[in-house]
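For reference, the chains in residue letters:
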Amino acid sequence: MISANRQIRRFRQRTLGLFALAIVICFTAVACSGGGAQTQAGGVQPELVADYIHTALASDRTAYTKHVVNRAKKLEGKPKDDGVLEIEATEGWEQTNGIPLPAQMFRLGSEIASEDGTFTYNLISSWYINDNQGPKSDFEQTAIEQVNETGEPYKEYQEVGGQKYFSALYPDKAVAEACVTCHNTHPIHKERYPDKVFKLDDVMGGIMINIPLEGA
Ligand code: HEC
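Keep in mind that what you see is a predicted model, and the values were worked out from it rather than measured.

What counts, and where the lines are drawn
- Just so you know, the residues in each chain are numbered from 1, in the order the chain's sequence is written.
- Local features are withheld for residues below a pLDDT of 70 in this predicted model, meaning they are given only at 70 or higher, and side-chain atom pairs are given and counted only at 80 or more; totals for whole chains, interfaces and linings count all residues.
- Computation of side-chain values: all heavy atoms of the structure, hydrogens and water removed.
- Aromatic pairs are defined between Phe, Tyr and Trp rings, using the six-membered ring for Trp, whenever the two ring centres lie within 6.5 Å; interplanar angles under 30 degrees are classed as stacked, those over 60 as edge-to-face, and all others as tilted.
- Starting at the N terminus, helices and strands are each numbered in turn, a helix being any DSSP run of H or I of at least four residues and a strand any DSSP run of E of at least two.
- Working definition: with a 1.4 Å probe on protein chains only, accessible area under 20% of the residue-type maximum means buried, over 50% means exposed, and in between means partly exposed.
- In this text, near means that some heavy atom of the residue lies within 4 Å of the molecule or strand in question.
- The definition of a polar contact used here is a pair of N or O atoms within 3.5 Å, where within protein one atom must be able to donate a hydrogen and the other to accept one, and adjacent residues in sequence count solely through side-chain atom pairs.
- Buriedness for pockets is judged along seven lines, at least five of which must meet protein on both sides within 12 Å for an open set on the 1 Å grid over protein atoms alone, while cavities are sets there where a 1.4 Å probe fits but cannot get out, and lining residues have an atom within 4 Å of a point.
- If over half the atoms of a molecule are within 2 Å of the grid points of a cavity or pocket, the molecule is regarded as sitting in it.
- Classification convention: Asp, Glu, Lys, Arg as charged; Ala, Val, Leu, Ile, Met, Phe, Trp, Tyr, Cys, Pro as nonpolar; all other residues, Gly among them, as polar.
- At least two bridges found by DSSP between two strands are what make those strands a pair.
- Note on donors: an N, O or S atom is included if it sits within 2.8 Å of the metal, or within 3.2 Å for Na, K and Ca, and water is never included, so sites can look incomplete.
- Axis lines are fitted to C-alpha atoms, over the contacting stretch for helices. Their N-to-C directions set the angle, which ranges from 0 to 180 degrees.
- In what follows, roughly perpendicular refers to angles from 65 to 115 degrees, roughly parallel to angles under 35, roughly antiparallel to angles over 145, and oblique to any angle outside these ranges.
- We call a crossing left-handed when the near helix sits turned anticlockwise from the far one by less than a right angle, and right-handed when that turn is clockwise.
- Residues count as neighbours in contact if any of their non-hydrogen atoms are within 4.5 Å of one another.
- To form a nonpolar core, buried Ala, Val, Leu, Ile, Met, Phe, Trp, Tyr and Cys residues must be joined to one another through side-chain atoms within 4.5 Å.

This part takes up the packing of aromatic side chains. Think of a pair of aromatic rings as described by two things: how far the centres are apart, and how the planes are tilted against each other in angle. With the rule as written, the count across this model stands at six aromatic pairs. Relative to tyrosine 193, the ring of tyrosine 128 lies with its centre 6.4 Å away and its plane at 70°, an arrangement referred to as edge-to-face. One end of the pair, tyrosine 128, is in the loop between β4 (120-124) and α5 (138-150); the other, tyrosine 193, is in the loop between α7 (187-192) and β7 (203-212), with 65 residues separating them in the sequence. Given the relative accessible area of 26%, tyrosine 128 is considered partly exposed. The buried category is assigned to tyrosine 193, whose relative accessible area is 12%. Look at tyrosine 157 and phenylalanine 166: their rings are 5.3 Å apart centre to centre, the planes differ by 70°, and that puts the pair in the edge-to-face class. Overall, tyrosine 157 belongs to the partly exposed group, its relative accessible area being 26%.

Okay, structure coming up:
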């Protein structure tokens with residue numbers, strides 16, 4: 001027969017063991033999440049949220065380029081052999097009754113999304129044609145320099161006006177000859193960056209996504 005004292009001791013040992021296990025689990029969970037306050041969207045990591053948003057944005061842009069812009073008969077004044085639609089994709093689309101270039105389409109979407117105010121995204125580049133698309137803060141400057149150098153996404157936390165954000169900058173590469181020729185021959189590009197001649201696969205800029213973190 002086990003004495004009452006021994007039973008109590010055993011119970012205590014088991015409780016302490018469970019308690020220690022619980023501490024280890026809690027610690028691991030916090031360590032793995034990079035800090036409890038930094039998880040978002042019902043526990044989904046902000047990094048994953050940014051990756052998802054980027055996939056959707058990049059896919060939409062490619063689909064627009066492939067299935068709309070490529071079907072236009074003209075691109076920036078030049079005839080397109082495989083064009084089937086009597087329309088021109090051009091920077092001055094509003095004046096010429098044409099359709100926007102992919103980067104402009106992207107910006108139009110980003111302007112609508114930012115009205116909602118939850119998260120923001122935009123294109124930036126060290127060799128920007130549009131003045132609004134140059135790096136605007138030390139953070140963006142560091143991010144674009146890193147992306148230009150490595151060709152890999154740059155992901156970091158930042159604080160702007162007391163609000164904490166998870167921000168990710170994904171490289172935007174010259175995936176087609178048209179990216180290279182259009183930018184290299186653009187009058188603003190030629191004037192501002194005469195020495196910068198893009199080649200296929202070069203990093204031309206990046207897609208920046210800023211996700212505000214709750215309670216941070
Ligand atoms: C027919 C011309 C043309 C083509 C093709 C083109 N771009 Fe652009 N791109 C522009 C113009 C013009 C802008 C500035 C538009 C604006 O007002 O947002 C721009 C903007 C950008 C920007 C934002 C920085 C800036 O210069 O203002 C990036 C990054 C970019 N383009 C990358 C690309 C990539 C990558 C491709 C190919 C997948 C591509 N572009 C194809 C003309 C072109």
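Let us now look at the site of the ligand. In the vicinity of the ligand lie 25 residues, with Ile129, Gln133, Cys179, Cys182 and His183 positioned nearest. A distance of 2.9 Å separates an oxygen atom of the ligand from a polar side-chain atom of arginine 107. Contact between the ligand and isoleucine 129: an oxygen atom at 2.7 Å from a main-chain N or O atom of the residue. Its atoms largely coinciding with the cavity grid, the ligand occupies the largest pocket. Contributions of two or more residues to the shell around the ligand are made by α4 (102-116), β6 (163-173), α6 (177-185) and β7. Ranked by the residues each element gives to the shell around the ligand, the list is headed by α6, at four residues. Class assignment for the residues of the shell around the ligand results in twelve nonpolar, seven polar and six charged.

With mixed pairing, three strands are arranged side by side in an open sheet as β2-β1-β3. Either end of the sheet is taken by a strand with one partner, and the two such strands are β2 (78-79) and β3 (85-89). Here strand β1 (residues 72-75) pairs with β2 via two bridges, running antiparallel. If you follow leucine 75 over to β2, its bridge partner there is lysine 78.

The subject of this paragraph is the coordination of the iron atom of the ligand. Looking at the protein side alone, the iron atom of the ligand has one donor only, His183 (NE2), at 2.1 Å. Turning to its location among the elements, histidine 183 is positioned in helix α6.

Relative to β3, β1 runs parallel, the two sharing three bridges. Residue pairing across strands places leucine 75 opposite alanine 89, the latter belonging to β3. The loop that links β1 with its antiparallel partner β2 comprises two residues; one of these, glutamate 76, has a positive phi angle of about 50°.

At a minimum axis separation of 10 Å, helix α2 (residues 46-67) and α4 run at an interaxial angle of 135°. Judged by the inter-axis angle, α2 sits oblique to α4. In the packing of α2 onto α4, the handedness of the crossing is right-handed. Packed against α2, whose contacting residues are Leu57, Arg61, Tyr64 and Thr65, the element α4 presents Pro102, Ala103, Met105 and Phe106 at the interface. By residue class, the composition of the contact of α2 with α4 is six nonpolar, one polar and one charged.

Moving on, we get to the nonpolar core. Within the largest apolar cluster, 14 residues are counted, with the highest numbers of intra-cluster contacts made by Ala50, Ile53, Leu57, Phe106, Ile207, Ile209 and Ile211. Among the secondary structure elements, those contributing two or more residues to this core are α2, β4, β6 and β7. Top element by residues in this core is α2. It accounts for four residues. One finds Ala143, Ile144, Tyr154 and Leu169 within the second-largest nonpolar core, a separate group that totals nine residues.

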